[in-house]
Amino acid sequence: MNSTPKPIVEPTVLVIFGATGDLAQNKLYPALFDLFTKGLLPQKIAILAFARRDFSDEVYRKFVQAAIVAKKNNPDPVQLVNFLSSIRYIKGIFEDDASYRTLADVLASADKAFNVCANKLFYLAVPPSLYENILNRLSRSGLTIPCGGDGGWTRVLVEKPFGTNSEAARRLDRLLGKLFNETQIFRIDHYLAKEAIQNILVFRFSNALFEPIWDSKHIERIEIRMFEKETAATRGAFYDPLGALRDVGQNHLLAMLSLIAMEYPKGFSATAIQKERAKVLKQLVPINSISVKKIIKGQYAGYKQEKGVAPESNTETFFSLIAYLRNSRWRGVPIELTAGKALGESKTEIHVHFKDVNMGRGDIECHRNTLTFRIQPNESISILFWVKKPGFDNQAVHPQTLSFNYHDSSETKMLPDAYERVLYDCVRGDQMLFASTEEMEAAWKFITPILEKWNKNPLKTYAPGTPFDQIISNHKNL
Ligand code: BG6
């Protein structure tokens, strides 16, 4: 991967569908502004914000300004004014062809202003139920057709979850495949774009210390855990039809699993890496009607009263399951996948627990090493190991930690945000950190049967702020 990002010169128009939503407000605009200040957005850019609300350009720019100020400490006022001036607001109804004709007119006038057929990037920052509607209407308005010849490209960024089960995902993929070719489709899983997650592969494959023992002979179990203190409060209407397993299990957690478990790729091209990630996901042992009973589901108290949530909702806000892989490297190694909202802390971590060094000899105390990838906050990689306890006792040992903390190193003080990476890579056409059709299908193939079979699993209520291990032990004591 090239560490010196290059500025992009071709004129580009970014169209954001769902431009007043939570995603645009909290993630996209702060990331776009950061790219802008680093000189990494195309030098000629127009941002067209498409949403239902009745905003003028001026009022919408104030809305964006507030979103940026809320996330960034004292943004440079001159940069902010310049950035905001590239934004136009289009009031549009997603289900109305006339709105797309307006969009087509605005796009044509942008081309005219740039004096060239500009690159077009369509970002679907809307709930998944709207994807098909928007794509069909974009296509009917002729907007999915690139300029041709030397003209600019057209690309589409689709947010996760990509569909809601195997069938819906396949239908969406077929539709995208009719309108675009694969190089134009960017299926977002912003976890793939997190710096500390990208480091999993580099760390594994660049250190002779670990790669030779990266298997079931040496590793006892793996835990992939994504905890959030935040509730679903501001996103009830989006979250309630999905639940935690679809919202983050099918994508973020399985993406981390694929990077932890994949084989060495044939080269570091986007397709080679996507292929290896997909291969792992295809090797997940399907959950059957017996193993499904062990999956833990929970819902935080007060969830049903959140805005946009059905009063009788059975949606899970917490799950914990054990996955296995059927390949020679990982056979028999339990991989715990746990995620939840309204927990005691916000933390995403992967723990790789090694087997005890005794290997059954039993003549010294048994000690295990643990390697931890802290994805956020305070990104780090640490190794728990054992040393002799200073003193007269020859056998007394105690644990110590070796660690690399991103924030201790000056060159990593400016970790790019995942959405900066998503947007930048899409504009420069690099698909490595995006999910392929194969990965998406394999992930749904594992998740869909769980969704179909886990209705009878008890949905345990937990108090907001409960530590995750307490939820698990409460569940086991049911
Ligand atoms: C999103 C989920 O994909 O990821 C949210 O829809 C979740 O529910 C979010 O809160 C977490 O992202 P991050 O980058 O803040 O860890």
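- The protein carries the name Glucose-6-phosphate 1-dehydrogenase in an unreviewed UniProt entry.
- Quoted verbatim from the Function (unreviewed entry) heading of the UniProt record, the comment on the protein is "Catalyzes the oxidation of glucose 6-phosphate to 6-phosphogluconolactone."

1. Examining the site of the ligand
Logical step 1: With respect to spatial proximity, the complete set of residues near the ligand consists of Lys27, Lys160, His190, Tyr191, Lys194, Met226, Glu228, Arg235, Asp247, His252, Lys341 and Gln376.
Logical step 2: Within the side chain of Glu228, one N or O atom sits 2.4 Å away from an oxygen atom of the ligand.
Logical step 3: Here an oxygen atom of the ligand and a side-chain polar atom of His252 are 2.7 Å apart.
Logical step 4: Coverage of the ligand by the protein amounts to 83% of the 400 Å² it exposes when considered alone.
Logical step 5: A per-class count over the shell around the ligand returns two nonpolar, three polar and seven charged.

2. Side note on unusual backbone geometry
Logical step 1: Lys160 connects to Pro161 through a cis peptide bond whose omega is -5°.
Logical step 2: Positionally, Pro161 belongs in the loop between strand E5 (154-158) and helix H6 (166-179).
Logical step 3: Cis geometry marks the peptide bond from Gln376 to Pro377, where omega comes out at -15°.
Logical step 4: With respect to the element layout, Pro377 can be found in the loop between strand E12 (370-376) and strand E13 (380-388).
Logical step 5: The phi dihedral of Ala342 is positive, around 60°, even though this residue is not glycine.

3. A few points about the pairing of E13
Logical step 1: One ladder, built from five bridges, connects E12 with E13; its direction is antiparallel. Within E13, the position partnered with Arg374 by the bridge is Ser380.
Logical step 2: The turn joining E12 and E13, which pair antiparallel and follow one another in sequence, is formed by three residues; a positive phi near 50° is taken by Asn378.
Logical step 3: Relative to strand E14 (residues 397-405), E13 is paired through nine bridges, and the arrangement is antiparallel. Looking at the pairing, Ser380 lines up with Asn405 of E14.

4. Some details on helix H5 (residues 131-140)
Logical step 1: Residues Tyr131, Ile134, Leu135, Arg137 and Leu138 constitute the buried set of H5.
Logical step 2: Against the buried residues of H5 lie strand E1 (12-17), helix H4 (97-114), strand E4 (119-124), E5 and H6.
Logical step 3: Positioned one or two residues after H5, Gly142 has a phi angle of 75°, which is positive.

5. A few points about the packing of aromatic side chains
In this description, an aromatic ring pair is defined by two values, namely the gap between the centres and the angle between the planes.
Logical step 1: Using the criterion set out here, one finds 27 aromatic pairs in the structure.
Logical step 2: Between the aromatic rings of Tyr264 and Phe268, the centroid separation amounts to 6.0 Å while the plane-to-plane angle is 75°, which identifies the pairing as edge-to-face.
Logical step 3: Above the plane of the ring of Phe162 lies Arg187, whose end atom (NZ or CZ) is 5.5 Å from the centre.
Logical step 4: Across the ring face of Trp454, the terminal group of Lys297 is positioned such that the distance to the ring centre comes to 4.6 Å.

Each value, and the rule that gives it
Residues numbered from 1 in each chain as written. Predicted model: local features only at pLDDT ≥ 70, side-chain atom pairs only at ≥ 80, totals over all residues. Heavy atoms only, no water. UniProt positions renumbered as here; feature names shortened; annotations may be inferred. Near = heavy atom within 4 Å. Polar contact = N/O pair within 3.5 Å; in protein donor to acceptor, adjacent residues only side chain to side chain. Areas by Shrake-Rupley, 256 points an atom, 1.4 Å probe, with all protein chains shown as cover. Nonpolar A, V, L, I, M, F, W, Y, C, P; charged D, E, K, R; others polar. Helix = DSSP H or I, 4+ residues; strand = E, 2+ residues; numbered from the N terminus. Pairing = 2+ DSSP bridges. Buried < 20%, exposed > 50% of the residue type's maximum accessible area, 1.4 Å probe, protein only. Contact = heavy atoms within 4.5 Å. Phe/Tyr/Trp six-rings, centres within 6.5 Å; stacked < 30°, edge-to-face > 60°. Lys NZ or Arg CZ within 6 Å of the ring centre and 35° of its normal.

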